[in-house]
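# Observations on chain architecture
Chain by chain, the residues:
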Amino acid sequence: MSLVRQIVGLILYVLNTLVWFVPIFICGVLKLIPIPILQRLLSKLAKACASMWVAGNNINQSFISPYHLQVSGADALDTKDWYLVIANHQSWVDILVLQRVLHRKIPFLNFFLKKELLYVPFLGLAWWALDFPFMTRTSKSQIRKNPKLKGKDIETTRKACEKFKTMPVSIVNFVEGTRYTEEKHQRQNSPFKHLLKPKAGGIAFVMQAMGEQINQVVNVTIHYPNGVPTFMDFVAGKVGQINVQVELMPVSDKLVGDYAGDNEFRVQFQGELNRLWSEKDKSIDELATPSK
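Residues numbered from 1 in each chain as written. Predicted model: local features only at pLDDT ≥ 70, side-chain atom pairs only at ≥ 80, totals over all residues. Heavy atoms only, no water.

### Section: the overall build of the protein chain
Per the secondary structure count, the protein chain includes ten helices and eight strands. Over its C-alpha atoms the protein chain spans a radius of gyration of 20 Å, differing by no more than 12% from the 19 Å that the globule rule assigns to 292 residues. Along the three orthogonal principal directions, the C-alpha set of the protein chain runs to about 60 × 50 × 35 Å. By element, 60% of the accessible surface of the protein chain is carried by carbon and sulfur atoms, the whole surface being about 15,600 Å². Taking the average location of the 35 positive side-chain charges in the protein chain and that of its 24 negative ones, the two points are 6 Å from each other. (Helix = DSSP H or I, 4+ residues; strand = E, 2+ residues; numbered from the N terminus. Rg over C-alpha atoms; globule rule 2.2 N^0.38 Å. Areas by Shrake-Rupley, 256 points an atom, 1.4 Å probe, with all protein chains shown as cover. Lys, Arg positive; Asp, Glu negative; His and termini not counted. Charge placed at Lys NZ, Arg CZ, Asp CG, Glu CD.)

In structure tokens:
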């Protein structure tokens, strides 16, 4: 039975993706026409299509690979606000879970992408149609050779994100930078029981570029009581339950500053991130403890 679910589920995911990718891609092509009002309209249309894609995936999960989703703390969210979404990362399934939990509660989830990905055939144009922000990152060696490049990345990214001043957005960042495994946990000698060490650079870059626009942080903790599933396990319906805890936090001064150039702020920022990760570690312990 699980094999049948797996085959049918995969077919439906592929069909749903193809159905909505085509209009999103067309929106991307038409957005190349340099008419601002048309571009804004096409952005909204592309995001509406992407939202329908998420809805289709959610229906697929409900009927083909159902699981019990226990969510707490997601009541005070708003589709008209600006958010940074941070979460622990264990599986590619995390993205589907985030989309399901936050669907139509906050703006469509966007990821910061490297500028090079803009040139990936078809996908690059689709991401651009959905207003995914593309960032440039200059290496330390390049800055040493040309000091004028210092701060250029932030300025370029700020310009790329100007559209979000009038368009609510949700930016997602998996702070650990990679999926959790026991092997990675041991290699890092992580001080956390269930988590890898948080990487401050990526989230600091987002906050430095968009700190004036992002109003709140959505801190999401995902727990799989029956063990972390692979995507194929998930599609096959082998995931019995998923626990998700959502915490809404205001953006404080501790999260916005010059991470690269201000050593005092960098230490403060890393300390605040470690504090959040320590609390998240405890939250996973609580989610893993069966309620009496």
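After presenting the structure, the write-up continues.
### A word on the pattern of salt bridges
Two side chains of opposite charge can pair, provided their charged atoms sit close to one another. A full pass over the atoms with the stated rule returns five salt bridges. Here Arg187 makes a salt bridge to Glu183, at a shortest N to O gap of 2.5 Å. With Arg187 and Glu183 both in helix 7 (residues 182-188) and four residues apart, this pair spans about one turn of that helix. Residue Glu183 is classed as partly exposed on the basis of its relative accessible area, which comes to 47%. The salt bridge involving Arg275 is made with Glu272; its shortest N-O contact spans 2.6 Å. (Salt bridge = Lys/Arg side-chain N within 4 Å of Asp/Glu carboxyl O. Buried < 20%, exposed > 50% of the residue type's maximum accessible area, 1.4 Å probe, protein only.)

### Describing the pairing of strand 6 (residues 170-174)
Within strand 6, five of the five residues are buried, which leaves the element mostly enclosed by the surrounding structure. Residues Ser170, Val172 and Phe174 point to one face of strand 6 and Ile171 and Asn173 to the other, with burial holding for every one of them. The pairing of strand 2 (residues 83-87) with strand 6 spans five bridges and is classified as parallel. In the strand pairing of strand 6, Val85 is matched with Val172. When strand 3 (residues 109-111) meets strand 6, the two strands line up parallel, connected through three bridges. Looking across to strand 6, one finds that Leu109 is bridged to Ser170. (Pairing = 2+ DSSP bridges.)

### Side note on the sheet that holds strand 6
The strand order across the open sheet formed by six strands is 1-8-7-2-6-3, and the pairing between neighbours is mixed. Unpaired on one side and paired on the other, strand 1 (68-72) and strand 3 mark the two borders of the sheet. When strand polarity is set aside, the average angle formed by the axes of neighbouring strands in this sheet is 30 degrees. Two elements, strand 7 (residues 216-223) and strand 8 (residues 241-250), share eight bridges in a ladder whose sense is antiparallel. (Axes fitted to C-alpha atoms, helices over the stretch in contact; angles between N-to-C directions.)

### Side note on helix 3 (residues 93-102)
With eight of its ten residues buried, helix 3 lies for the most part within the structure. Taken residue by residue, helix 3 has Val93, Asp94, Leu96, Val97, Leu98, Gln99, Val101 and Leu102 as its buried positions. Among the residues trailing helix 3, Arg104 stands out with phi positive, at a value near 60 degrees.

### What about unusual backbone geometry?
Despite not being glycine, Phe122 shows a phi value in the positive range, around 65 degrees. As for its position among the elements, Phe122 is in the loop between strand 4 (113-114) and helix 4 (123-129). Its relative accessible area of 55% is what places Phe122 among the exposed residues.

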